[in-house]
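Summary of structural features
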Amino acid sequence: MERPAQSTDALHAPSDACPPDAAGFLDAVPSQRAPGPAAAGSGPAGSALAPAESGPAPVESQPAESPPAPAESAPVPVQPVPVQPVPAPEARRRLRPWRLLPTPTGTPFTFGYAVVLAVTSLVTAYADPAVVHSLLQGSSTDVAHLVRTPVLVLVASALWMAGGVASPYALGFLLVLTALERRIGGLRAAGVFLLGHVLATLATELPVGLAVLVGHLPDSSLHRLDYGISFGVAAATGALAGLLPRWLGLPLLVLFGGMLLQSLLAFTDPMTEWGHVMALSVGIATWPTVRRWARSRAAA
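Residues numbered from 1 in each chain as written. Predicted model: local features only at pLDDT ≥ 70, side-chain atom pairs only at ≥ 80, totals over all residues. Heavy atoms only, no water.

1. Quick notes on the confidence of the model for the chain
- For the chain, per-residue confidence averages 80 on the pLDDT scale, and residues scoring 70 or more make up 68% of the total.
- Contacts from residues 1-26, a stretch scored under 50 in pLDDT, to residues over four places away or in other chains number 1 contact.
- Per-residue pLDDT stays below 50 along residues 32-55; that stretch engages in 8 contacts with residues further than four places along the chain or on separate chains. (pLDDT = per-residue confidence, 0-100. Contact = heavy atoms within 4.5 Å.)

2. Re the packing of helix α10 (residues 168-184) against helix α12 (residues 230-241)
- Interhelical geometry of α10 versus α12 gives an angle of 45° and a closest axis separation of 9 Å. Considering the angle they form, α10 stands oblique to α12. Here α10 and α12 pass one another in a crossing that is left-handed. Across the interface between the two elements, Tyr169, Gly172, Phe173, Val176, Leu177, Ala179, Leu180 and Arg183 from α10 touch Ser230, Val233, Ala236, Thr237, Ala239 and Leu240 from α12. (Axes fitted to C-alpha atoms, helices over the stretch in contact; angles between N-to-C directions. Helix = DSSP H or I, 4+ residues; strand = E, 2+ residues; numbered from the N terminus. Parallel < 35°, antiparallel > 145°, perpendicular 65-115°, else oblique. Left-handed = near helix turned anticlockwise from the far one by under 90°.)

3. Some points on unusual backbone geometry
- The residue Phe267 is not glycine, and still its phi comes out positive at about 60°.
- When you line up the elements, Phe267 lands in the loop between α13 (246-266) and α14 (270-285).

4. Examining a positive patch on the surface
- A cluster of basic residues, Arg188, Arg246, Arg291, Arg292, Arg295 and Arg297, forms a positive patch at the surface.
- The leading source of residues in the positive patch is helix α15 (residues 287-299), at 4 residues.
- Following the sequence through the fold, Arg246 ends up in helix α13. (Patch = residues over 30% accessible without salt bridge, like charges linked within 9 Å, V, L, I, M, F, W, Y side chains within 5 Å. Areas by Shrake-Rupley, 256 points an atom, 1.4 Å probe, with all protein chains shown as cover. Salt bridge = Lys/Arg side-chain N within 4 Å of Asp/Glu carboxyl O. Lys, Arg positive; Asp, Glu negative; His and termini not counted. Charge placed at Lys NZ, Arg CZ, Asp CG, Glu CD.)

5. Points about the side chain of Ser230
- Structurally, the position occupied by Ser230 is in helix α12.
- Residue classification places Ser230 among the buried positions, given a relative accessible area of 15%.
- Residue contacts for Ser230: discarding those within four places in its chain leaves Tyr169 and His276. (Buried < 20%, exposed > 50% of the residue type's maximum accessible area, 1.4 Å probe, protein only.)

6. Side note on the packing of aromatic side chains
- In the structure shown here, the tally under the stated rule is 4 aromatic pairs.
- Where Tyr113 meets Phe173, the ring centres are 5.1 Å apart and the plane angle is 85°; that geometry is what we call edge-to-face. Highlighted residues: Tyr113 in helix α6 (residues 108-126) and Phe173 in helix α10, separated in sequence by 60 residues.
- Residues Phe173 and Phe193 carry aromatic rings whose centres are separated by 6.4 Å and whose planes lie at 80° to one another, so their mutual orientation is edge-to-face. One end of the pair, Phe173, is in helix α10; the other, Phe193, is in helix α11 (residues 186-213), and 20 residues separate them in sequence. (Phe/Tyr/Trp six-rings, centres within 6.5 Å; stacked < 30°, edge-to-face > 60°.)

7. Topic: the nonpolar core
- One finds Tyr113, Phe173, Leu180, Ile184, Phe193 and Ile229 to be the most contacted residues of the largest nonpolar core, which totals 34 residues.
- Counting residues per element, the ones that place at least two in this core are α6, α10, α11, α12, α13 and α14. (Core = buried A, V, L, I, M, F, W, Y, C linked by side-chain atoms within 4.5 Å.)

8. As for the layout of surface pockets
- Put simply, the second largest pocket is a space of about 330 Å³.
- Contributing to the lining of the second largest pocket are 21 residues, with Ala162, Tyr227, Ser230, Thr272 and His276 lying nearest its centre.
- Here the lining of the second largest pocket gets 3 residues from one element, more than from any other, and that element is α14.
- For the lining of the second largest pocket, the class distribution of residues is 8 nonpolar, 9 polar and 4 charged. (1 Å grid on protein atoms, 1.4 Å probe; cavity = no way out; pocket = protein on both sides within 12 Å on 5 of 7 lines; lining within 4 Å. Points joined across faces, edges and corners; volume = space filled by probe spheres on them. Nonpolar A, V, L, I, M, F, W, Y, C, P; charged D, E, K, R; others polar.)

9. Re the environment of Leu152
- Positionally, Leu152 belongs in helix α9 (residues 150-156).
- The exposure class of Leu152 is exposed, given its relative accessible area of 55%.
- Along the backbone, Leu152 and Thr141 are 11 residues apart, and their C-alpha atoms lie at a distance of 9.2 Å.

10. Some details on the packing of α11 against α12
- Where α11 meets α12, the closest approach of the two axes is 7 Å, and the angle between their N-to-C directions is 125°. Taken together, the axis directions place α11 and α12 in an arrangement best described as oblique. The way α11 lies across α12 gives a crossing that is right-handed. Across the interface between the two elements, Val192, Phe193, Gly196, His197, Ala200, Thr201 and Thr204 of α11 pack against Phe231, Gly232, Val233, Ala235, Ala236 and Ala239 of α12.
- The residue inventory of the contact of α11 with α12, partitioned by class, reads 8 nonpolar, 5 polar and no charged.

11. Regarding the pattern of salt bridges
- Overall, the coordinates contain 1 salt bridge when judged by the stated rule.
- For Arg224, the salt bridge goes to Glu205, with nearest N and O atoms at 3.0 Å. You can see Arg224 sitting in the loop between α11 and α12 and its partner Glu205 sitting in helix α11, a full 19 residues away along the chain.
- A relative accessible area of 1% means that Glu205 is categorised as buried.

Now the structure itself:
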């Protein structure tokens, strides 16, 4: 069957031509692109296709303001910190002569003991000789007194100095006991002194009693006068030598030991001189103990 022929005008009509009722249909569709100003002002179609507002107008972005630069402040002057000079070890350890002598607060035992010895020395120097002899005889650690009142005479005999303040043991007492007390304390220094005094006294007097008992010595030897601080000073010297540096402790030990050996060889009073050697040995035997005491006192 043949199709009817189409008119030439219909074939040459533009393909995008809208049907007659398309204008009304397009009015209901939102505009996708805003027409240019020329199109908006030309013809009725331009007015019909005016763009509808689809949202708020875009805001033109403004460049972010950079923070204001901080105002330059005036430089604060830096005060130099004074540096305290560190004393050298030699300066810290330099010798302080006043510490060689006893003081009431630093070395109360040595100071109080020295006052007592000074008083008894004045008594022996200026009191009546008969009174002095009676006092010394009653304080003697001879065999007769040791048998009857051992504790009393062991303490009382240490309150007198043979030879008084002019004795070399007087100066030795001050220097040695002060140095020992500063290192181990007053009670411990008194213990070392008393240990040497008691042990050396017993070691020299008991053989005398045995010799009298077997008849080698006369009965008068039981009442021989024996008093003084020399045994205690010898023991304290031996103990102190173990606390001092070797360059100082060893010469002290050699010097004091040589003096005792010289007196022993002189054989003027062998029992007493042997007692000094024994007391020095007692002091040396206390080295482990006094060193431990000194370390604990330094750490406290």
